[in-house]
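Descriptive structure summary
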Amino acid sequence: CVGIEYNSGFGRCEVWTRPEGIQATASLQGYQCWQYSRSSGSTETTTTMPGFNAVDGGNNRACRGRSPSDNSASYYSLIPGSVPRLEACKAECLTANGCVGIEYNSGSGRCEVWTRPEGIQATASLQGYQCWRYQAGSDGSLLSVRKHMFRGVLLIQDEARVMHAAAVHEINQEL
């Protein structure tokens, strides 16, 4: 498995196994292309995720509640471990009920998924952090993506193995 192409509108998922890998993409409404990266042990998307907007410019900004000093731990869930890329942190938001945005630090891989009902209303200046608001599209397309989002390399590898094992089983039954 070298990657996955997914269309939320059709529920279509292609597992790419091309030996040369995915070397190019085309922008196409409703499609996401995920590339498996063996060296970093992570997945990364080759397109940006719709519905996310940088808060106060995004860079060097930490998300806050009502004011720059309002940072209750009850507003967010900290994703365990180190999240390798901004897009992976955004993907975590898509899998969380009630996500209103994310705070991400690329240096440490810290990813907070914000679920505060009132949303992210302020930011604080904090070097290395990014704050992004999330708002689902009116067509609900991202809601369907949430249900099918792949979470990390292991799931992609397991999916490829399961599909391969099923194909081998079917071939053996035909013989």
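Below is a summary of the structure that appears in this document. Once a new chain begins, its residue numbering starts again from 1 and follows that chain's sequence as written. Only residues with pLDDT of at least 70 are given local features in this predicted model, and only at 80 or more are side-chain atom pairs given and counted; all residues enter the totals for whole chains, interfaces and linings. Excluding hydrogens and water, the side-chain figures rest on all heavy atoms present in the structure.

1. Concerning the overall build of the protein
Our working rule: Helix and strand labels come from DSSP, where a helix needs a run of H or I of at least four residues and a strand needs a run of E of at least two; each type is numbered from the N terminus. In this analysis, two residues are considered to be in contact whenever any of their non-hydrogen atoms come within 4.5 Å of each other. All accessibility values rest on the Shrake-Rupley procedure with a 1.4 Å probe; residue burial counts only the protein chains present in the view.
A count of helices and strands for the protein gives three helices and nine strands. Scanning the protein from its N terminus toward the C terminus, one meets helices and strands in the order β-β-β-β-β-β-α-β-β-β-α-α. Taking the intrachain contacts of the protein between residues at least 6 apart in sequence as the baseline, contacts between residues at least 24 apart amount to 62%. Only carbon and sulfur atoms are counted for the fraction: they give 50% of the accessible area of the protein, which is about 10000 Å².

2. Overview of the pairing of strand β9 (residues 122-134)
Let me state the cut-off plainly: In this scheme, strands are said to pair when DSSP sees at least two bridges between them.
Taken together, the eight bridges between strand β5 (residues 52-64) and β9 define a ladder with antiparallel strand orientation. Bridging across to β9, Phe-52 finds its partner in Tyr-134. The sheet contact formed by strand β7 (residues 101-105) and β9 spans five bridges and is antiparallel. Within the sheet, the bridge partner assigned to Glu-103 lies in β9 and is Cys-131.

3. Observations regarding the environment of Cys-89
Which entries qualify depends on this criterion: A simple rule labels every residue: compare its accessible area, found with a 1.4 Å probe on the protein chains alone, to the largest value its type can have, and call it buried under 20%, exposed over 50%, or partly exposed in between.
One can find Cys-89 in helix α1 (residues 86-95). You can call Cys-89 buried: its relative accessible area is 0%. Taking C-alpha positions, Cys-89 is 7.8 Å from Glu-112, a pair spaced 23 residues apart along the chain. Each residue touching Cys-89, except ones within four places of it in the same chain, is listed here: Val-83, Ile-102, Glu-103, Tyr-104, Cys-111 and Glu-112.

4. Examining the state of the cysteines
We count it as follows: Two cysteine sulfurs form what is called a disulfide whenever their separation falls within 2.5 Å.
Within the structure shown, the criterion is met by three disulfides. Across a sulfur-sulfur distance of 2.0 Å, Cys-89 and Cys-111 are joined as a disulfide pair. The disulfide joining Cys-89 to Cys-111 has a torsion of about 85° about its S-S bond and is therefore right-handed. Linking Cys-89 in helix α1 with Cys-111 in strand β8 (residues 110-114), this pair joins segments that are 22 residues apart in sequence. With respect to class, Cys-89 is no different from Cys-111; both count as buried.

5. Quick notes on the pattern of salt bridges
Our working definition: A pair is scored as a salt bridge if a Lys or Arg side-chain nitrogen falls within 4 Å of a carboxyl oxygen belonging to Asp or Glu.
A complete count under the given rule lists six salt bridges for this structure. Linked through salt bridges whose partners overlap, the residues forming this network are Glu-5, Arg-12 and Glu-14.

6. Topic: the environment of Thr-123
As a reminder of what qualifies: Residues adjacent in sequence count toward polar contacts only when both atoms are side-chain atoms; beyond that, a polar contact is any pair of N or O atoms within 3.5 Å, and within protein one must be able to donate a hydrogen and the other to accept it.
For Thr-123, the position within the fold is in strand β9. Separated by 60 residues in the primary sequence, Thr-123 and Cys-63 have C-alpha atoms spaced 4.6 Å apart. When sequence neighbours within four positions are dropped, the list of residues in contact with Thr-123 reads Val-55, Asp-56, Arg-61, Ala-62, Arg-64, Pro-68 and Cys-131. Among the polar contacts made by the side chain of Thr-123, one reaches the side chain of Arg-61 at a distance of 2.9 Å.

7. Quick notes on α1
With nine of its 10 residues buried, α1 lies for the most part within the structure. Those residues of α1 that sit buried are Leu-86, Glu-87, Ala-88, Cys-89, Lys-90, Ala-91, Glu-92, Cys-93 and Leu-94.

8. Section: the nonpolar core
The test is simple: Note on terminology: a nonpolar core comprises buried Ala, Val, Leu, Ile, Met, Phe, Trp, Tyr and Cys residues joined through side-chain atoms within 4.5 Å.
Among the nonpolar cores identified, the biggest contains 20 residues, and Phe-52, Val-83, Cys-93, Ile-102, Tyr-104, Cys-111 and Val-113 are the most heavily contacted of them. Going through the elements one at a time, α1, β7, β8 and β9 are the ones with two or more residues in this core. Dropping the residues within four chain positions of it, Ile-102 is found in contact with Cys-63, Leu-86, Cys-89, Lys-90, Cys-93, Glu-112, Val-113, Trp-114, Ile-120, Gln-130, Cys-131 and Trp-132. By size, the runner-up hydrophobic cluster in this structure holds eight residues, among which are Cys-63, Tyr-76, Trp-114 and Ile-120.

9. Topic: the sheet that holds β7
So the rule is basically this: Convention adopted: a line fitted to C-alpha atoms gives each axis, helices being fitted over their contacting stretch, and angles between N-to-C directions are expressed from 0 to 180 degrees.
The antiparallel open sheet is built from five strands, whose spatial order is β5-β9-β7-β8-β6. Two strands bound the open sheet, and with one partner strand each, they are β5 and β6 (76-78). Neighbouring strand axes in the sheet, compared pairwise and without regard to direction, differ in orientation by 25° on average. Contacts from α1 reach β5, β7, β8 and β9, with the element oriented near 150° to β7.

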